[in-house]
Amino acid sequence: MLNKNLKTIRNNKGFTQEELANRLHVTRQTISKWEKGYSVPDADLLSKLADELDVSVSELLGKDEIPAEETDSLSVQLARINEQLSIRNRRAKRVWKVAIVLAIVFFLVIPAVTILGNMMWSSNLDGADTGYAGRVEYTCTLDGEKYIYSIEYNEQYQITAGGGDSFVADHADVENYDDARKAAAAIEDYFRNHGGTAEQTEVKGLELD
């Protein structure tokens, strides 16, 4: 109740946190902590606070009138509340630290590990796990048209797979060759003989002689 009452009364009296802090000789952050419920003033400061706001201590606390004989008890209660709030704030800070660490792991570490894993996997594409020893991709042009065709082959240059634009396969008769080197030469010869181009735009693993 104190935090809400303090903020309401301060605003009603037209004080800023800075102005009230100067009157009490404390920092603005101290007033802010009181109003947020992070801490409470001790009995002496509570009394000064009530005086500066021209209200009673009981009004600040949202309680009935506090007898003078209960002042010592109020001091003990305020000290206990401060201790409890301090413990709660320390726990909250630990929770936030854990949350931040988990966020860093989730948003930075995991993606980094994933990217690294993908890079390592990609770097191994040239190995036996790919099912071929070499792969070449051609980008061909003819009469303003572009065609792409790729050939995969083993260590003996025997074609294991091929695919791309059917125009290349049909006109260069790629499927008539078992040897990747001969198929590649057929592609290059066809396009160059017809005024086009045939360039190896990607080569993986074993290169063609």
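Within every chain, residues take consecutive numbers counted from 1 along the sequence as written. Under the rules for a predicted model, residues below a pLDDT of 70 receive no local features and side-chain atom pairs below 80 are neither given nor counted, while totals for whole chains, interfaces and linings still include all residues. Only hydrogens and water are set aside; all other atoms, that is, all heavy atoms of the structure, feed into the side-chain values.

**Regarding the packing of aromatic side chains**
Piece 1. Here is the rule: rings of Phe, Tyr and Trp (six-membered ring for Trp) pair when centre to centre is within 6.5 Å. Planes less than 30 degrees apart are stacked, more than 60 are edge-to-face, and the remainder are tilted. A full pass over the atoms with the stated rule returns 6 aromatic pairs.
Piece 2. Here the aromatic rings of Y147 and F167 are separated by 4.4 Å at their centres, their planes lie at 10 degrees, and the arrangement is stacked. Placement of the pair is Y147 in strand β2 (residues 145-153) and F167 in helix α7 (residues 166-172), with a sequence separation of 20 residues.
Piece 3. Burial classification: accessible surface area is computed with a 1.4 Å probe over protein chains only, and a residue below 20% of its type maximum counts as buried, one above 50% as exposed, and the rest as partly exposed. Using a relative accessible area of 14% as the deciding quantity, one classes Y147 as buried.
Piece 4. Overall, the relative accessible area of 22% leaves F167 in the partly exposed class.
Piece 5. Taken together, Y147, F167, Y190 and F191 form an aromatic cluster joined through their ring pairs. Numbering of helices and strands starts at the N terminus; helices are DSSP runs of H or I of at least 4 residues and strands are runs of E of at least 2.

**So, the pattern of salt bridges**
Piece 1. Any Lys or Arg side-chain nitrogen found within 4 Å of a carboxyl oxygen on Asp or Glu counts as a salt bridge. Counting across every chain of the model gives 7 salt bridges.
Piece 2. A salt bridge links E152 to R135; the nearest nitrogen and oxygen atoms lie 3.5 Å apart. Here E152 is found in strand β2, whereas its partner R135 is found in strand β1 (residues 134-142), with 17 residues between them in sequence.
Piece 3. Here E152 falls in the partly exposed class, since its relative accessible area comes to 21%.
Piece 4. Two residues, R135 and E202, come together in a salt bridge whose shortest N-O distance is 2.9 Å. Here the residue R135 occupies a position in strand β1, and E202 occupies one in strand β4 (residues 197-205), the gap between them amounting to 67 residues.
Piece 5. Among the residues examined, R135 registers a relative accessible area of 15% and is labelled buried.
Piece 6. Among the charged side chains, a network of salt bridges with common partners joins R135, E137, E152 and E202.

**Observations regarding the packing of helix α1 (residues 2-13) against helix α4 (residues 43-53)**
Piece 1. To define axes, lines are fitted to C-alpha atoms, for helices over the stretch in contact only, and angles between the resulting N-to-C directions are given on a 0 to 180 degree scale. Interaxial distance between α1 and α4 falls to 10 Å at its minimum, and their mutual angle equals 30 degrees. Taken together, α1 and α4 sit at an angle that is classed as roughly parallel. Seen along the crossing, α1 lies across α4 with a hand that is left-handed. Taking contact as the criterion, the partners of L2, L6, I9, R10 and K13 in α1 are, on α4, L46, L49 and L53.
Piece 2. In this classification, Asp, Glu, Lys and Arg are treated as charged, Ala, Val, Leu, Ile, Met, Phe, Trp, Tyr, Cys and Pro as nonpolar, and every other residue, Gly included, as polar. In the contact of α1 with α4, the residues fall into 6 nonpolar, no polar and 2 charged. What sets the label is the angle itself: under 35 degrees gives roughly parallel, over 145 gives roughly antiparallel, 65 to 115 gives roughly perpendicular, and the rest give oblique. Left-handed describes a crossing in which the near helix is turned anticlockwise from the far one by less than a right angle; the clockwise case is right-handed. Throughout, a residue-residue contact means that at least one pair of heavy atoms, one from each residue, lies within 4.5 Å.

**Side note on α1**
Given 3.6 residues per helical turn, the α-helix brings residues three or four places apart onto the same face.
Piece 1. End to end, α1 covers 16 Å across 12 residues, agreeing with the expected 16 Å (1.5 Å per residue, within 8%).
Piece 2. Burial in α1 covers these residues: L2, N5, L6, I9 and R10. Viewed along the axis of α1, the buried residues span an arc of 125 degrees, placing them on a single side of the element. Within α1, the exposed residues directed more than 90 degrees away from the buried face are K4 and N12.
Piece 3. Buried residues along α1 sit in contact with α2 (17-24), α3 (28-36), α4 and α5 (57-61). Helix span, as expected, comes to 1.5 Å for every residue beyond the first. Throughout, the arc means the angular range of directions from the helix axis out to the C-beta atoms.

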